[in-house]
Amino acid sequence: QVELKVNGKPVSADVPPNTLLVQLLREHLRLTGTHVGCDTAQCGACTVMADGRAIKSCNVLALQMQGADITTVEGLAQADGTLHPVQAAFKECHGLQCGFCTPGMVMSTVDLLAQVPYGEAISEQLRTNSRKALKAINRFPVCEIEDLLAGAAANNPPLDPALARPPAA
Ligand code: FES
């Protein structure tokens, strides 16, 4: 029996011990926004937030997440359907090619912005991580991607306020 919270709602499920978190999400809870690409912890398509940090849900057992607070891509938007700023930025930039890995990239970007929400740090992180990845998958003008994600960062409340760093002086 695993008990945890998923997208703010308590979940209790009787699953075999070898059930992966991604299987719990997709097959038991029907949250199919979390995708399985490589199934070997490499591609990141299965990324979700666990207690405010990004994890690959294909690489962890559901039972290991006992008591955890999980957020999937379905849990980012507001109840009225308003997209999370990172989702909005991806949508505006058409930040995808086939789109299969996009949920994982959105979750990874939310994690990135939660860790480095201010100033130069975000710019540097985007330069070395998301920006390159986004450029590679979409060939969209990099400056526009960076500007949009920086704008998203400014409006992006960290999932876990304890992870936020103070702005640089
Ligand atoms: Fe590729 Fe999990 S499915 S990292």
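Residues numbered from 1 in each chain as written. Predicted model: local features only at pLDDT ≥ 70, side-chain atom pairs only at ≥ 80, totals over all residues. Heavy atoms only, no water.

What's the story with the overall build of the chain in this structure? I'm lost.
Within the chain, the regular secondary structure consists of six helices and five strands. From first element to last, N terminus to C terminus, the chain shows the α and β order β-β-α-β-β-β-α-α-α-α-α. Only carbon and sulfur atoms are counted for the fraction: they give 52% of the accessible area of the chain, which is about 9000 Å². (Helix = DSSP H or I, 4+ residues; strand = E, 2+ residues; numbered from the N terminus. Areas by Shrake-Rupley, 256 points an atom, 1.4 Å probe, with all protein chains shown as cover.)

Help me understand the pattern of salt bridges, please; the structure alone is not making it clear to me.
Any two side chains of opposite charge can pair, on the condition that their charged atoms come close. Throughout the structure, instances matching the rule amount to one salt bridge. Note that D111 and R53 form a salt bridge whose closest N and O atoms lie 3.3 Å from each other. With D111 in helix α3 (residues 102-115) and R53 in strand β4 (residues 53-56), the pair connects residues that are 58 residues apart, well separated along the chain. A relative accessible area of 35% places R53 in the partly exposed class. (Salt bridge = Lys/Arg side-chain N within 4 Å of Asp/Glu carboxyl O. Buried < 20%, exposed > 50% of the residue type's maximum accessible area, 1.4 Å probe, protein only.)

I keep staring at helix α2 (residues 85-93) and nothing clicks. Help me out?
Since there are 3.6 residues in each turn of an α-helix, residues three or four apart along the chain are aligned in direction. Listing the buried residues of α2 in full gives V86, Q87, A89, F90 and C93. When α2 is viewed along its axis, its buried side chains cluster within an angular range of 160° and face the same direction. With respect to the buried face of α2, the exposed residues turned more than 90 degrees away are K91 and E92. (Arc of directions from axis to C-beta.)

Explain the sheet that holds β4 to me, please; I cannot follow it from the model alone.
Whether parallel or antiparallel, the strands of a sheet pair through hydrogen bonds between backbone atoms. Here five strands make up an open sheet; going across it, the order is β2-β1-β5-β3-β4 and the pairing mixed. Where the open sheet ends on each side, the last strands, each with one partner, are β2 (9-13) and β4. Sheet twist, expressed as the mean angle between neighbouring strand axes with direction ignored, is 40°. Of the pairings in the sheet, the one linking strand β1 (residues 2-6) to strand β5 (residues 69-71) comprises two bridges and is parallel in character. Bridging across to β5, K5 finds its partner in D69. Most of the contacts of helix α1 (residues 21-28) go to β1, to which it runs at about 70°, and overall it touches β1, β2, β3 (47-50), β4 and β5. (Pairing = 2+ DSSP bridges. Axes fitted to C-alpha atoms, helices over the stretch in contact; angles between N-to-C directions. Contact = heavy atoms within 4.5 Å.)

Help me out: how do you make sense of the nonpolar core in this one?
Where a protein is soluble and globular, its nonpolar side chains tend to be buried together. Counting residues in hydrophobic clusters, the biggest one holds 17 residues, and the most contacted among them are L4, V6, L21, L24, L25, M65 and I70. Dropping the residues within four chain positions of it, L25 is found in contact with V6, R30, L31, T34, V48, S57, I70 and T72. Residues M49, V73, V86 and V106 belong to the second largest nonpolar core, which totals ten residues. (Core = buried A, V, L, I, M, F, W, Y, C linked by side-chain atoms within 4.5 Å.)

When you look at the environment of D69 in this model, what are you seeing that I'm missing?
Mapped onto the secondary structure, D69 falls in strand β5. Classification of D69 by relative accessible area gives partly exposed; the value is 33%. The spatial distance from the C-alpha of D69 to the C-alpha of K9 is 9.0 Å, given a sequence separation of 60 residues. Leave out the neighbours within four places in its chain, and D69 touches K5, M49, A50 and D51.

Help me understand the side chain of D111 in this model?
Residue classification places D111 among the buried residues on the basis of a relative accessible area of 9%. In this structure D111 touches M49, G52, R53 and A54, once residues within four positions along its chain are discounted.

When you look at unusual backbone geometry in this model, what are you seeing that I'm missing?
Phi is mostly negative for residues that are not glycine, and the peptide bonds are mostly trans. The backbone of D39 shows a phi angle near 65°, a positive value even though the residue is not glycine. Within the secondary structure, D39 sits in the loop between α1 and β3. Residue classification places D39 among the partly exposed positions, given a relative accessible area of 45%. Notably, D51 is not glycine yet its phi reads approximately 50°, a positive angle.

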